[in-house]
Number of protein chains: 2
Amino acid sequence: MSSAIDFYFDFYSPYGYLASLRIDEIAARHDCKVNWKPFMLGATFSITGHQPLTDTPMMADYTLLDLARSARLQAAKFCMPDEFPQAALSCSRAFYVLVDQQPEQAVALAKAIYKAIFGEGKDGTRIELIAELARNLEIDAEALVPAMQTQPIKDRLKAETQAAINRGVFGSPFIFIGDEPFWGNDRLDQLDRWLETGGW
Amino acid sequence: MSSAIDFYFDFYSPYGYLASLRIDEIAARHDCKVNWKPFMLGATFSITGHQPLTDTPMMADYTLLDLARSARLQAAKFCMPDEFPQAALSCSRAFYVLVDQQPEQAVALAKAIYKAIFGEGKDGTRIELIAELARNLEIDAEALVPAMQTQPIKDRLKAETQAAINRGVFGSPFIFIGDEPFWGNDRLDQLDRWLETGGW
């Protein structure tokens, strides 16, 4: 099978959070690496005409119920943060500061951020939170925080988001095995099976 | 567990078709009856602001791929009809002509219509097709067709659609176990588990 899968997600996507808890384990069972790829989901809404499900009439209540039920099913801690949705610029930039030089720490920080937002309901837009989570992982927060504000990192996130859109990514989570796309936390079992069987 | 589940669907919903192939078998394993409840999904689009996924930028190609892949996974014949989407007024009215007096034939006709549209790509808006499928099931097509055009049946479909919306139905398929809602063909495994366990 593919030696790597691409895992696109927005840090303020609750279904992305649920997928983040399972994706590495699924891939590892198939000797597969995961490329974590945060992007800004909001950039797709002007193309699809959609908005967050929690802001969509009729769908909002169901979505909250489905999220809680899906979380219980996978035994995941889950809560919605008070402020939702928000633009996850800082979280995403922090990731791209780290990913080239310290890829494992970048992913560890991504997981910690997701757990803070959707496991504990914390405000993921607070730079102080990101710094604290970084320090807990022995990442140099004093270097990380100013780097997040630099133009190359801002441009990197824009470029990654545009590249995701160019590839057809319109939701979170969105995963590719080679060219085969899978949209949604509810496609992880299909993804697992695809890695197992090579497709059907 | 509940002795009956409510299965809402639009006859021009391809995910509804895929669910229609499994829903009776899943329910039967749990000694559960299925109330088939066709409604006009289009009536929800003006509320949610959505449109068919196959008409939504970026989502269209993925949806066609996902439908074909999901169909292969459940070993279902699947194709998209040339004209899509369409308003499934005639199919739905035919169902409601039959459901009170001949409930088993109503469901048999619903299954036959779905298979004609999404298994064979036939045009489900053609009254002649509905009549032919009815005759194959030994339903009196000469009584069925004129009954479909009567005001009480037109009103019945409107009332069923409004009742679905009032209950929070915004997609197809949409299934209730008691008050617990499940949206999408990709929730059938959860539905199965809920019937098995009584919920989690």
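Everything numeric in this text was worked out from a predicted model, so none of it was measured.

*Asks:* Tell me what's going on with the interface of chain A and chain B, and back it up with residues and numbers.
*Replies:* Facing 19 residues of chain A, the contacting portion of chain B comprises 19 residues. Of all the secondary-structure elements, those providing two or more residues to the side of chain A that touches chain B are α3 (42-48), α4 (59-73) and β4 (180-183) of chain A. The biggest single contributor to the side of chain A that touches chain B is α4 of chain A, with five residues. Here the side of chain A that touches chain B is built from residues that sort into 10 nonpolar, six polar and three charged.

*Asks:* Tell me what's going on with the environment of Arg-193 of chain A, and back it up with residues and numbers.
*Replies:* In this fold, Arg-193 of chain A is placed in helix α10 (residues 188-197). In this structure, the C-alpha to C-alpha distance between Arg-193 of chain A and His-50 of chain A, residues 143 residues apart in sequence, is 30 Å.

*Asks:* So what's going on with the relation of the copies chain A and chain B? Residues and values would help.
*Replies:* You can overlay chain A on chain B at an RMSD of 0.0 Å; the transform is a turn of 180 degrees with a shift of 0.0 Å along its axis. What we have between these two chains is a two-fold relation. In this assembly the copies share their binding face: 100% of the residues contributing to the interface of chain A also contribute to that of chain B.

*Asks:* Go over the environment of Leu-129 of chain A with me, naming the residues and quoting the values.
*Replies:* Residues and elements named next belong to chain A. Tracing the chain through its elements places Leu-129 in helix α7 (residues 127-136). A count of 18 C-beta atoms within 10 Å places Leu-129 in the partly exposed class. Along the sequence, Leu-129 and Ile-117 sit 12 residues apart, while their C-alpha atoms lie 10.0 Å from each other. Non-local contacts of Leu-129, meaning those with residues more than four positions away in its chain, are made with Ala-116, Lys-122, Asp-123 and Gly-124.

How each quantity is defined
- Residues numbered from 1 in each chain as written.
- Chains lettered and ligands numbered in written order.
- Predicted model: local features only at pLDDT ≥ 70, side-chain atom pairs only at ≥ 80, totals over all residues.
- Contact = placed C-beta atoms within 7 Å.
- Helix = DSSP H or I, 4+ residues; strand = E, 2+ residues; numbered from the N terminus.
- Nonpolar A, V, L, I, M, F, W, Y, C, P; charged D, E, K, R; others polar.
- Least-squares fit on C-alpha atoms with pLDDT ≥ 70 in both.
- Buried ≥ 20, exposed ≤ 12 C-beta atoms within 10 Å, placed from the backbone.

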